[in-house]
Amino acid sequence: MLKSKTFVKKTRSGGVMKVVREHYLRDDIWCGSEVCAECKQDSTVLQRDACIESSLCSYPHYLVPDTNVVLHQIDVLEDPMIRNVIILQTVLQEVRHRSAPVYKRLKDIIHEQGRRFYTFTNEHHRETFIEREPGESANDRNDRAIRVAVKWYSQHLKTPESGPDGLKVVLLTNDQGNKQKAEENGLVVYKFEEYIKSLTANPELVDRLALSSDKNEITSSKVLFPEHLPLSKIQAGIKSGSFLQGTFRASRDNYLEATVFVQGEGEDSTEVLIQGLQNLNRAVHQDVVAVQLLPKNQWVAPSSVVLQDDGAAKDDNVDEDEEEKVLRRSLTEAARKATGKVVGIIKRNWRPFCGMLNVSQIKESTRHLFTPADRRIPRIRIETRQASTLAGQRIMVAIDGWPKDSRYPNGHFVRSLGGAGEKDTEEEVLLLEHDVPHQAFSQAVLGFLPKMPWCITPEDMAQRQDLRHLTVCSVDPPGCTDIDDALHCRQLENGNLEVGVHIADVSHFIRPGNALDKEAANRGTTVYLCGKRIDMVPELLSSNLCSLRSNVERFAFSCIWEMNHEAQILKTQFTKSVINSKASLTYAEAQMRIDDTNKNDDITNSLRGLNKLAKILKRKRIENGALTLSSLEVRFHMDSETHDPIDLQTKELMETNSMVEEFMLLANISVAQKIYNEFPECALLRKHPAPPPSNYDILIKAAKSKNVTIHIDSAKALADSLDVAKVDGFLYFNTLLRILATRCMMQAVYFCSGMDSDFHHYGLASPIYTHFTSPIRRYADIIVHRLLAVAIGADSTYPDLMDKHKQSALCNNLNYRHKMSQYAQRASVAFHTQLFFKTRGILNEEGFVLFVRKNAIIVLIPKFGLEGTVFFDSKDKVSPNLIFDEEGPSLKVEQHTFHIFDQVKVTISLDDSNIQHQKIRMALIEPVIPGVSVPAPEVEPQAKKQKLDR
């Protein structure tokens with residue numbers, strides 16, 4: 001049966017277009033139940049004895065949730081106890097429109113066979129389809145469609161033998177109006193909350209209930225926050241310019257302060273400072289908010305105090321002024337910034353948060369406060385009966401709402417992650433908090449992997465250059481299994497050199513638009529944690545078929561240059577190839593071959609040729625103004641059985657590290673020029689913006705304190721002044737200066753050439769740059785491979801590759817994932833550093849002052865590549881006399897003045913008094929300041945011996 005719907009639509013050019021939509025109704029849509037004898041279905045999903053222990057429904061029953069139940073209570077629906085559920089097409093479509101993440105979670109449950117969730121296509125069933133009536137809202141029509149479908153199911157499944165205890169269909173809703181109408185129609189209907197509370201065998205499900213809006217208003221007579229404006233008023237205010245729209249960024253150090261980042265035209269952006277509970281007005285980190293600027297006489301400066309919202313729960317009627325009096329206002333005109341207040345929320349960016357429960361002091365209480373691991377998120381009030389079990393565990397909690405009369409937002413328990421401080425739990429928290437996709441690859445994704453055993457066919461060979469005869473080898477860190485790149489160098493008959501960079505041909509295996517490609521694009525990058533790797537692509541590709549291991553034939557994308565002995569490029573060729581690497585070496589092994597004069601085999605000669613050219617390339621690069629900066633990277637030596645860190649040292653770099661790096665840079669630059677020449681509008685490139693001069697203030701001041709001048713007019717001026725910066729008797733000075741210079745830099749980012757005009761890479765002093773050399777671990781490189789393959793006629797194009805807007809949106813995700821993976825790596829190093837110091841007691845070490853603050857110095861310990869803070873004002877001690885000079889910068893503590901780069905001696909220990917926020921604590925030993933410094937520990941305690949009787 002065919003229904004058609006006709007309506008008129010206005011086009012962009014102002015014309016009018018008639019649209020006719022055809023809607024087919026069918027008789028062959030089955031109900032999916034084992035009970036049914038009418039439907040001619042091959043397989044069923046819904047069981048005959050659909051029993052779940054409920055004090056409301058003592059009979060077998062199927063559940064039909066409405067849209068709002070699915071949207072708000074997905075955490076409960078995900079529980080394996082909830083089975084035999086009918087998801088109507090009306091509900092599925094509406095959920096898809098309103099929340100992509102919930103839709104994905106719902107689809108995952110439907111695909112899980114054991115869960116017995118059945119999708120019923122009610123919108124195409126002749127007996128359950130309904131037309132929208134005149135004057136009926138879309139929402140009311142959908143509610144009616146759900147009731148009609150439930151009624152149809154109830155009658156359809158009624159059999160002569162089904163008595164009062166026979167199978168029933170239960171509608172679950174939170175909408176009072178919908179419930180009333182369903183009851184009038186004679187349907188079995190319950191509020192979702194009352195149904196879940198009736199599940200006598202599963203009381204823990206109650207904790208997962210999201211509070212409904214009426215419950216959200218936990219009663220308190222005092223209104224603590226201003227009302228949020230409705231969206232219509234916000235939009236009008238933004239249009240008229242009286243409000244600004246921006247992203248709310250809470251402060252990590254001060255819970256009463258935040259900035260709203262307002263994106264302006266092009267590159268311009270402004271920041272509005274928000275201070276005080278009333279002005280923050282219930283905004284949560286990363287929400288999109290509307291702000292109103294305060295009059296200029298109320299503008300303030302960012303506070304320099306560190307304020308953490310911990311300790312006892314603040315009462316809902318706490319005196320706000322009391323709480324905020326610690327925000328010491330800085331009244332100097334220059335320090336004041338544009339200050340505003342939040343007037344409304346445009347988009348909530350809430351996600352489930354990891355953290356720990358602060359169990360209420362009141363015995364028998366079910367209301368407790370949850371403290372998130374991320375200090376920028378406010379504490380959340382939840383109701384749970386499992387508090388005693390959850391104490392000491394890392395848990396996940398979701399926010400449901402934040403009423404204007406509640407000091408904290410209200411939320412519900414989602415799941416437990418495991419014991420706090422345990423390695424696996426902390427790793428999971430770290431990945432969740434940095435939004436790193438780390439779930440196992442789905443069957444849909446794995447379905448696109450090549451079938452094993454895999455081999456290279458004659459057809460493959462016909463389309464590629466055969467380079468298997470070349471002496472190709474790879475050089476990587478120890479234990480590397482995802483080998484992206486390999487190199488070769490040989491002398492040509494004309495006396496010149498041929499140098500090849502061969503990169504894993506990942507784009508041959510990952511085809512555009514399939515599930516494997518979408519998953520890799522979403523992940524964006526492989527994330528390397530200490531002792532663990534979260535792959536961007538499945539292991540079959542990353543460690544096997546794409547990895548350029550030795551003595552196996554592999555597909556590669558090769559960039560081959562003809563060079564003279566001065567490393568000048570005479571000819572460049574790009575080709576898809578087949579290689580057979582002759583050796584997989586570590587940096588140390590390659591270095592030993594180069595240095596061993598007795599070795600003269602092909603691999604060693606190839607490495608020596610590469611090393612010689614690399615030194616020339618590096619010299620030329622530095623002459624052009626490329627920066628050589630420094631950052632201390634640490635390496636943990638892990639215990640092979642416990643996987644705990646047993647030693648910690650900074651990584652040593654060898655000539656071979658630099659050799660590989662030079663050719664990777666050269667390949668990236670060559671490919672960038674080629675793809676930009678071919679596709680000026682849609683090349684995926686990487687740029688590194690020059691920092692604004694103000695970024696260098698701290699570097700210039702630090703150098704000046706040692707009578708060294710730093711020039712910052714260009715990257716070359718900076719590089720040259722860093723090269724000559726020396727202080728007699730202070731060998732480490734230059735490294736410290738370079739570490740500091742690294743902190744002044746901007747983040748390098750991916751961008752689409754058609755959407756930007758500034759391509760320059762400041763750090764490499766290159767006019768154009770991209771990423772081509774690591775496609776196993778970076779998605780950007782896969783796109784660059786596809787562009788290059790189209791440019792040389794080795795592969796076909798596809799629409800998204802040539803769409804600069806899609807390319808630009810992809811770059812945004814890649815930049816986000818790249819940044820989060822860096823943060824996750826740092827957090828992993830910090831956690832392993834804490835594990836290392838946990839067994840070490842108190843150590844004393846030499847260090848250098850890296851920054852000077854108003855009440856502290858930040859100290860770098862070169863031996864461990866570790867940074868820590870020595871505070872001079874602690875709660876339990878009388879504060880010494882402190883004088884901070886911003887110009888220096890210097891900090892006078894009693895009679896001693898600290899400057900940047902001063903040498904100090906400190907004790908290092910782990911402070912685990914707050915299990916969720918463990919810290920490395922440092923205390924000053926030297927210089928000796930009476931009443932401030934501490935005596936050195938007598939003897940450095942030995943690391944606790946590992947027990948041998950495992």
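See the structure above.
These numbers were taken from a predicted model, which means no experiment stands behind them.

Asks: Explanation requested: empty space enclosed by the protein in the structure shown.
Replies: In this approach a probe as big as a water molecule rolls over the atoms, and the regions it shows empty are the leftover space. The full count for this structure, using the stated rule, is three cavities of 30 Å³ or more. Put simply, the largest cavity is a space of about 60 Å³. Lining the largest cavity, in full, are His-434, Asp-435, Val-436, Pro-437, Arg-523, Thr-525, Val-527, Ile-534, Arg-817, Met-820 and Ser-821. Element by element, the count of residues in the lining of the largest cavity is highest for helix H26 (residues 804-838), at three residues. Each residue belonging to the lining of the largest cavity can be placed in one class, and the counts come to five nonpolar, three polar and three charged.

Asks: It is not clear to me how the packing of helix H25 (residues 779-791) against H26 should be interpreted in this structure. Could you clarify?
Replies: What describes two packed helices is the angle between their axes and the distance between those same axes. Relative to each other, H25 and H26 sit at 150 degrees, their axes nearing to 10 Å. Taken together, the axis directions place H25 and H26 in an arrangement best described as roughly antiparallel. Of the residues in H26, those in contact with Tyr-779, Ala-780, Ile-783 and Leu-787 of H25 are Gln-807, Leu-810 and Leu-814. Per-class residue counts for the contact of H25 with H26 are six nonpolar, one polar and no charged.

Asks: Please explain the packing of aromatic side chains as it appears in this structure.
Replies: In this structure the tally under the stated criterion is 13 aromatic pairs. Ring centres 5.2 Å apart and planes at 10 degrees place the aromatic pair Phe-120 and Trp-152 in the stacked group. With Phe-120 in strand S5 (residues 117-120) and Trp-152 in helix H5 (residues 138-156), this residue pair connects regions lying 32 residues apart in the sequence. Each member of the pair, Phe-120 as well as Trp-152, is classed as buried. With a centroid separation of 5.1 Å and 85 degrees between ring planes, the pair formed by Tyr-676 and Phe-759 is classed as edge-to-face. With a gap of 83 residues between them, Tyr-676 in helix H21 (residues 655-678) and Phe-759 in the loop between strand S30 (749-752) and H25 connect regions that are remote in the sequence. Look at Tyr-676 and you get partly exposed, because its relative accessible area is 29%.

Asks: Looking at this model, I keep getting lost on helix H19 (residues 587-595). Mind explaining?
Replies: Since one α-helical turn is 3.6 residues long, residues separated by three or four positions face the same way. Considered for burial, the residues of H19 that qualify are Tyr-587, Ala-590, Gln-591, Arg-593 and Ile-594. Buried positions in H19, seen along its axis, are confined to an arc of 160 degrees and lie on one side of it. With respect to the buried face of H19, the exposed residues turned more than 90 degrees away are Met-592 and Asp-595. Taken together, the buried residues of H19 touch strand S19 (473-476), strand S26 (583-586), helix H20 (602-623) and H21.

Asks: Please explain the environment of Asp-400 as it appears in this structure.
Replies: Following the sequence through the fold, Asp-400 ends up in strand S16 (residues 393-401). With relative accessibility at 18%, the residue Asp-400 sits in the buried group. Side-chain polar atoms of Asp-400 contact the side chain of His-412, separated by 2.8 Å.

Asks: Is there a simple way to think about the sheet that holds strand S35 (residues 890-893) in this case?
Replies: Across a sheet, strands are paired by hydrogen bonds formed along the backbone, either parallel or antiparallel in direction. Taken in spatial order, the three strands line up as S34-S35-S36 in an open sheet, and their pairing is antiparallel. Two strands bound the open sheet, and with one partner strand each, they are strand S34 (882-885) and strand S36 (896-899). Across this sheet, the average inter-strand angle for adjacent strands is 20 degrees, counted without regard to direction. Across four bridges, the pairing between S34 and S35 is antiparallel. The residue bridging Ile-883 from the neighbouring strand is Lys-892, located in S35.

Asks: Just checking my understanding: could you explain the pairing of strand S11 (residues 288-293) for this structure?
Replies: Look at any regular strand and the pattern is simple: side chains alternate between the two faces of the sheet. Here strand S8 (residues 244-250) runs beside S11; their pairing, made up of four bridges, is antiparallel. Its bridge partner lying in S11, Gln-245 is registered against Ala-290.

Asks: Explain the sheet that holds strand S37 (residues 903-911) to me, please; I cannot follow it from the model alone.
Replies: With respect to topology, five strands assemble into an open sheet ordered S33-S32-S31-S37-S38, the strand pairing being antiparallel. Each edge of the open sheet is held by one strand with a lone partner, namely strand S33 (866-871) and strand S38 (919-926). Strand-to-strand twist in this sheet, taken as the mean axis angle between neighbours without regard to direction, amounts to 45 degrees. As paired elements, strand S31 (residues 843-852) and S37 share six bridges and run antiparallel to each other. Each bridged residue has a counterpart across the sheet, and for Phe-848 the counterpart in S37 is Gln-903.

Asks: Before we go on, may I ask you to explain the nonpolar core in this structure?
Replies: If you look at the biggest cluster of nonpolar residues, it comprises 89 residues, and the most contacted ones within it are Leu-541, Trp-561, Leu-607, Met-659, Phe-663, Leu-684 and Tyr-779. For this core, the element with the highest residue contribution is H25, accounting for ten residues. Among all residues touching Met-659, those that are not within four sequence positions of it are Val-475, Ile-594, Leu-607, Leu-610, Asn-611 and Ala-614. Counting 57 residues, the second largest nonpolar core, distinct from the first, contains Ile-109, Trp-152, Leu-167 and Leu-171.

Asks: Would you take a moment to explain the packing of H20 against H21 for this structure?
Replies: Across the interface, H20 lies against H21 with an axial gap of 8 Å and an inter-helix angle of 70 degrees. Looking at the two axes, H20 sits roughly perpendicular to H21. Classified by chirality, the crossing of H21 by H20 is left-handed. For the pair H20 and H21, the contacting residues are Leu-607, Leu-610, Asn-611, Leu-613, Ala-614, Lys-615, Leu-617, Lys-618 and Arg-621 in the first and Glu-655, Ser-658, Met-659, Glu-662, Phe-663, Leu-665 and Leu-666 in the second. Classifying every residue of the contact of H20 with H21 gives nine nonpolar, two polar and five charged.

Thresholds, definitions, all that
- Each chain has its residues counted from 1, running along the sequence as written.
- Only residues with pLDDT of 70 or above have their local features reported here, since the model is predicted, and side-chain atom pairs are shown and tallied only from 80 upward, although totals for entire chains, interfaces and linings are computed over all residues.
- Side-chain metrics in this entry use all non-hydrogen atoms of the structure; hydrogen atoms and water are not considered.
- Every definition here rests on a 1 Å grid over the protein atoms only: cavities are sets of points where a 1.4 Å probe fits but cannot get out, pockets are open sets enclosed by protein on both sides within 12 Å along at least five of seven lines, and lining residues have some atom within 4 Å of a point.
- Grid points are joined across faces, edges and corners, and a volume is the space filled by probe spheres set on the points.
- Only DSSP runs of H or I covering at least 4 residues are called helices, and only runs of E covering at least 2 are called strands; the numbering of each starts at the N terminus.
- Under the grouping applied here, Gly and all other residues not named as nonpolar or charged are polar, the nonpolar ones being Ala, Val, Leu, Ile, Met, Phe, Trp, Tyr, Cys and Pro and the charged ones Asp, Glu, Lys and Arg.
- Axis definition: a line fitted to C-alpha atoms, limited for helices to the stretch in contact. Angles are taken between N-to-C directions and run from 0 to 180 degrees.
- By definition in this entry, angles of less than 35 degrees are roughly parallel, angles greater than 145 are roughly antiparallel, angles of 65 to 115 are roughly perpendicular, and the rest are oblique.
- In this analysis, two residues are considered to be in contact whenever any of their non-hydrogen atoms come within 4.5 Å of each other.
- Pairs were defined over the aromatic rings of Phe, Tyr and Trp, the Trp ring being its six-membered one, requiring ring centres within 6.5 Å. Orientation was assigned from the angle between planes: stacked under 30 degrees, edge-to-face over 60, tilted for the rest.
- Exposure categories follow from relative accessible area, calculated using a 1.4 Å probe and restricted to protein chains: below 20% of the type maximum is buried, above 50% is exposed, and the middle band is partly exposed.
- Taking the helix axis as origin, the arc is that swept by the directions to the C-beta atoms.
- In protein, a polar contact means a hydrogen-donor-capable atom and an acceptor-capable atom, both N or O and within 3.5 Å, with residues adjacent in sequence counting only if both atoms are side-chain atoms; elsewhere, any N or O pair within 3.5 Å suffices.
- Whether two strands pair depends on DSSP finding at least two bridges between them.
- Nonpolar cores were defined as sets of buried Ala, Val, Leu, Ile, Met, Phe, Trp, Tyr and Cys residues, with membership established by side-chain atoms within 4.5 Å.
- In a left-handed crossing the near helix is turned counterclockwise from the far helix by less than a right angle, and in a right-handed crossing that turn is clockwise.

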